[in-house]
Amino acid sequence: MEILRLAGLRREELVELIHLSVRLPPTEYRRPTDEEWSDFQEHVDKRKVELGSCGRLCGTPCAHEHACIRCPMLSIKPKMLPRLDELEADLLARSSTRDRRRLAR
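What you see is a predicted model; the values in this text were computed from it and never measured.

### A short note on the overall build of the protein
A count of helical and extended segments in the protein gives four helices and three strands. Listing each helix as α and each strand as β along the protein from the N terminus yields α-α-α-β-β-β-α. About 8900 Å² of surface is accessible on the protein, with carbon and sulfur atoms providing 58% of the total.

Below is the structure:
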């Protein structure tokens with residue numbers, strides 16, 4: 001069952017869990033409760049965004065609320081690079097339109 005639970009984690013999350021378990025003495029390490037595991041899975045699900053995933057650690061707040069594209073913690077999926085190009089082109093087109101309207105005044 002534990003292997004199935006770990007199969008859904010990203011490499012970085014597995015490394016984090018391994019490092020944590022190595023640092024803790026065996027007497028202090030315990031299996032997470034169902035509630036703790038559910039909280040962790042919810043955190044992982046919330047990290048999934050349109051362009052990729054958020055790299056922040058479990059239990060840490062998001063400082064960029066809905067501005068993921070500006071966040072240094074964003075890990076962009078390679079297959080989403082064309083979408084990033086679309087967003088950039090749209091932003092440049094809007095900026096150009098704004099400048100033309102400003103000059104027309």
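Read on, since the account is not over.
### As for the packing of aromatic side chains
The final tally for this structure, using the stated rule, is one aromatic pair. Seen in terms of ring centroids, tryptophan 37 and phenylalanine 40 are 5.5 Å apart; in terms of plane orientation they differ by 40°. Their pairing is tilted. Of this pair, tryptophan 37 and phenylalanine 40 both sit in helix α3 (residues 34-46), three residues apart, which is roughly one turn of that helix. We note that tryptophan 37, like phenylalanine 40, is buried.

### Here's the deal with the confidence of the model for the protein
Per-residue confidence for the protein gives a mean pLDDT of 77; residues scoring 70 or more make up 77%. Ranking the elements of the protein by mean pLDDT puts helix α1 (residues 2-6) last, at 47, and helix α4 (residues 81-104) first, at 91.

### What about the sheet that holds strand β2 (residues 52-54)?
Pairing is antiparallel in the open sheet, where three strands are placed in the order β1-β2-β3. The open sheet is flanked by β1 (48-49) and β3 (74-76), the only strands paired with a single partner. Bridging between β1 and β2 involves two bridges; their strand directions are antiparallel. Bridging across to β2, valine 49 finds its partner in glycine 52.

### Describing α3
Helix length check: α3, at 13 residues, gives a terminal C-alpha distance of 18 Å against a target of 18 Å (1.5 Å per residue), a fit within 8%. Restricting attention to buried positions, one finds in α3 the residues Trp37, Phe40, His43 and Val44. Across the axial projection of α3, the buried residues extend over an arc of 120°, all falling on one side. Among the exposed residues of α3, those oriented more than 90 degrees off its buried face are Asp34, Glu35 and Lys46.

### Let's talk about the pattern of salt bridges
As enumerated under the stated definition, the model contains four salt bridges in all. For glutamate 50, the salt bridge is made with arginine 83, and the minimal N-O distance between the two is 2.8 Å. One end of the pair, glutamate 50, is in the loop between β1 and β2; the other, arginine 83, is in helix α4, and 33 residues separate them in sequence. One salt bridge connects arginine 98 with aspartate 99, and the closest N-O pair in it is separated by 3.1 Å. Accessibility expressed as a relative area gives 44% for arginine 98, which makes it partly exposed. Salt bridges sharing common partners tie together Glu50, Arg83 and Glu86.

Analysis parameters
Residues numbered from 1 in each chain as written. Predicted model: local features only at pLDDT ≥ 70, side-chain atom pairs only at ≥ 80, totals over all residues. Heavy atoms only, no water. Helix = DSSP H or I, 4+ residues; strand = E, 2+ residues; numbered from the N terminus. Areas by Shrake-Rupley, 256 points an atom, 1.4 Å probe, with all protein chains shown as cover. Phe/Tyr/Trp six-rings, centres within 6.5 Å; stacked < 30°, edge-to-face > 60°. Buried < 20%, exposed > 50% of the residue type's maximum accessible area, 1.4 Å probe, protein only. pLDDT = per-residue confidence, 0-100. Pairing = 2+ DSSP bridges. Expected span 1.5 Å × (residues − 1). Arc of directions from axis to C-beta. Salt bridge = Lys/Arg side-chain N within 4 Å of Asp/Glu carboxyl O.

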